[in-house]
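# Fold and contact review
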Amino acid sequence: MRVEVLDGVERRRRWSRDDKMRIIEETLAPGAVVTEIARRHGISTSLVFTWRRRARLASVVSAGPKLVPVQLTPAAAESVSSTEAPAAIPSRRRRGLIEIELGGGKRVSVDENVDADALGRVLDVLSRR
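Being a predicted model, the structure only gives us computed values, none of them experimental.

### Remarks on the overall build of the protein
A tally of regular secondary structure across the protein gives four helices and two strands. Sequence-ordered secondary structure for the protein, helices as α and strands as β, is α-α-α-β-β-α. Among the 129 residues that make up the protein, the fraction classed as buried is 11%. Pairs at least 24 apart in sequence give 21% of the contacts found in the protein among residues at least 6 apart. Surface accessibility of the protein: about 11,200 Å² in total, with carbon and sulfur atoms responsible for 53%.

This is the structure we're talking about:
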């Protein structure tokens, strides 16, 4: 059994970022029991869960935009005559049409006039479902 004596005014241990990440990675292993890992390192279980939560939040913030595969479809061979009303143009031929496939059968189609903030909110809600 290992005993660590803390002397002096400061009684808190300081954990380096590498030590924290190593302990977090231990808890993420299949079959790992957080309480056993915390006990082995002499820290409270709640502190390990706090480190995990902060690491998860930091990874979400630092991840930034993600690249996803894009599939371009060839333009329709037929041209739309200038006499047709814009409402008669099928949606897949609209200028600047973007289709975002989220997986699980979810798809969002927007054109070049979409409000970016509103689209961001819609995608955020759909990604959580």
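### Topic: a nonpolar patch on the surface
Residues Met1, Val3 and Val5 make up a contiguous nonpolar surface patch of about 460 Å² in total accessible area. Mapped onto the fold, Met1 is located in the segment before helix 1 (17-28).

### Concerning helix 2 (residues 34-41)
Of all the positions in helix 2, only Val34, Ile37, Ala38 and His41 are classed as buried. Projected down its long axis, helix 2 shows its buried positions confined to an angular sector of 100°, all on one face. Away from its buried face, by an angle of more than 90 degrees, helix 2 presents the exposed residues Arg39 and Arg40. Following helix 2 by one or two positions, Gly42 has its phi on the positive side, about 75°.

### Let's talk about the nonpolar core
Counting residues in each nonpolar core, the largest one holds eight residues, listed as Ile23, Ile24, Val34, Ile37, Ala38, Ile43, Val48 and Trp51. The set of elements that each furnish at least two residues to this core consists of helix 1, helix 2 and helix 3 (45-63). Of all the elements, helix 2 adds the most residues to this core, at three residues. Apart from the residues within four sequence positions on either side, Val34 is in contact with Thr27, Thr45, Val48, Phe49 and Arg52.

### Some thoughts on the pattern of salt bridges
Per the stated rule, a full pass over the model turns up three salt bridges. With a closest N to O distance of 3.3 Å, Asp19 and Arg22 form a salt bridge. With Asp19 and Arg22 both in helix 1 and three residues apart, the pair spans about one turn of that helix. Since its relative accessible area comes to 38%, Arg22 is described here as partly exposed. A salt bridge links Arg40 to Glu26; the nearest nitrogen and oxygen atoms lie 2.5 Å apart. Pair noted here: Arg40 is in helix 2 and Glu26 is in helix 1, with a separation of 14 residues, a long-range link. Residue classification places Arg40 among the exposed residues on the basis of a relative accessible area of 55%.

Calculation criteria
Residues numbered from 1 in each chain as written. Predicted model: local features only at pLDDT ≥ 70, side-chain atom pairs only at ≥ 80, totals over all residues. Heavy atoms only, no water. Helix = DSSP H or I, 4+ residues; strand = E, 2+ residues; numbered from the N terminus. Buried < 20%, exposed > 50% of the residue type's maximum accessible area, 1.4 Å probe, protein only. Contact = heavy atoms within 4.5 Å. Areas by Shrake-Rupley, 256 points an atom, 1.4 Å probe, with all protein chains shown as cover. Patch = residues over 30% accessible without salt bridge, like charges linked within 9 Å, V, L, I, M, F, W, Y side chains within 5 Å. Salt bridge = Lys/Arg side-chain N within 4 Å of Asp/Glu carboxyl O. Arc of directions from axis to C-beta. Core = buried A, V, L, I, M, F, W, Y, C linked by side-chain atoms within 4.5 Å.

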